[in-house]
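Structural characterization, general
So the chains spell out like this:
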Amino acid sequence: MDTTGLYLAGMRQSPPLVHCITNYVAMNIMANVLLAVGASPAMVHAREEVADFAQLAQTLSVNIGTLDPAWAEAMVTAAGVMRANGRPWVLDPVGVGATRFRQEVCADLLKERPSVIRGNASEILALAGAGAKGRGADAADPVEAAEDAARDLAQRTGAVVAVSGAIDYVTDGSAAYRVANGDALMPRVTALGCSLNGVIAAFLPGQPALPATVAALALYGLAGERAAQSAKGPGSFQTAFLDALAALTPETLTTGARVSRA
């Protein structure tokens, strides 16, 4: 994709309000990541207001990391507003294979037709009903093991499915891409993966879901590569990562994206 940077330019030209229903661990870093890329984040999860707020937002990111019944209800409500209004939303099925509760909530969320589903290989395998080796939110399966499940899940749900790993795999059930950008320090900073879904959500309004998701993944990985050049460890990496996200331009993204057809 030699036009990857166009999707970053499109997002920044009309910065979206991103409604984030995410976990306690991710709220701060996710908000800062979205500000760094040029979007406007809002962390709103109360059942009493999610429906009203979702009407205001251009896009939604749902993360089931620290799940409880009230948040589950809020997630389904907000996703329903997005579906009813034809607006995009992203599902992060954190640890979906770990408990029956998570599986039931994700089943309800899938009925609201997410635009994009992004998770690690074990999560995508579990969500698709295939065998997975995950431990909580951690993946124990390689990306390659989840590619067939990702295609099947995309075909059944109509969503773009992204499998995160050393080389990401993204498919709409027909076409597929691999994104090779990234750095080994990224998984060592908690909630960076959760925050990625907010960036994907920010790229979706007014842009086709498959290439926009690929562009968001490439942006994120490229920022990680640049941050690692000056970082001394996970702590300094997090600061450098936010700076790198803010500094990347559409031109540098197009040049630095390592995207190939799968």
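Our structure's up above, just so we're on the same page.
The text that follows walks through the structure, step by step, so that each part is easy to find. (Residues numbered from 1 in each chain as written. Predicted model: local features only at pLDDT ≥ 70, side-chain atom pairs only at ≥ 80, totals over all residues. Heavy atoms only, no water.)

As a further point, take the sheet that holds strand E1 (residues 17-21). The strands making up a sheet are joined through hydrogen bonds of the backbone, oriented either antiparallel or parallel. Spatially, the nine strands line up as an open sheet ordered E2-E1-E3-E4-E5-E6-E7-E8-E9, and their pairing is mixed. Bordering the open sheet on either side are strand E2 (40-43) and strand E9 (259-261), each of which pairs with just one other strand. Taken over all neighbouring pairs, the strand axes of this sheet differ in orientation by 20 degrees on average, direction set aside. With four bridges joining them, strand E3 (residues 59-63) and strand E4 (residues 89-92) adopt parallel strand pairing. For Leu 60, the partnering residue across the bridge sits in E4 and is Trp 89. Across the sheet, helix H2 (residues 27-37) lies against E1, E2 and E3, angled at about 160 degrees from E2, the strand it touches most. The sheet strands contacting helix H7 (residues 147-157) are strand E5 (116-120), strand E6 (160-164), strand E7 (168-171) and strand E8 (176-179), and the helix crosses E7 at an angle near 30 degrees. (Pairing = 2+ DSSP bridges. Helix = DSSP H or I, 4+ residues; strand = E, 2+ residues; numbered from the N terminus. Axes fitted to C-alpha atoms, helices over the stretch in contact; angles between N-to-C directions. Contact = heavy atoms within 4.5 Å.)

Here the focus is the environment of Ala 57. Looking at where Ala 57 falls in the secondary structure, it is placed in the loop between helix H3 (50-56) and E3. Counting along the chain gives 30 residues from Ala 57 to Arg 87, while the straight-line C-alpha distance between them is 8.8 Å. Apart from residues lying up to four places away in sequence, Ala 57 is in contact with Leu 17, His 19, Met 82 and Arg 87.

Attention now goes to the pattern of salt bridges. One pass over the full model with this rule turns up eight salt bridges. Between Arg 118 and Asp 92 there is a salt bridge, with its nearest N and O atoms 3.2 Å apart. Here Arg 118, found in strand E5, pairs with Asp 92, found in strand E4; they are 26 residues apart in sequence, far enough to count as distant. The same class applies to Arg 118 as to Asp 92, namely buried. Two residues, Arg 156 and Asp 152, come together in a salt bridge whose shortest N-O distance is 2.8 Å. A residue pair is termed a helical-turn pair when its members lie 3 or 4 positions apart in one helix, as Arg 156 and Asp 152 do in helix H7 at four residues. What makes Asp 152 partly exposed here is its relative accessible area of 32%. (Salt bridge = Lys/Arg side-chain N within 4 Å of Asp/Glu carboxyl O. Buried < 20%, exposed > 50% of the residue type's maximum accessible area, 1.4 Å probe, protein only.)

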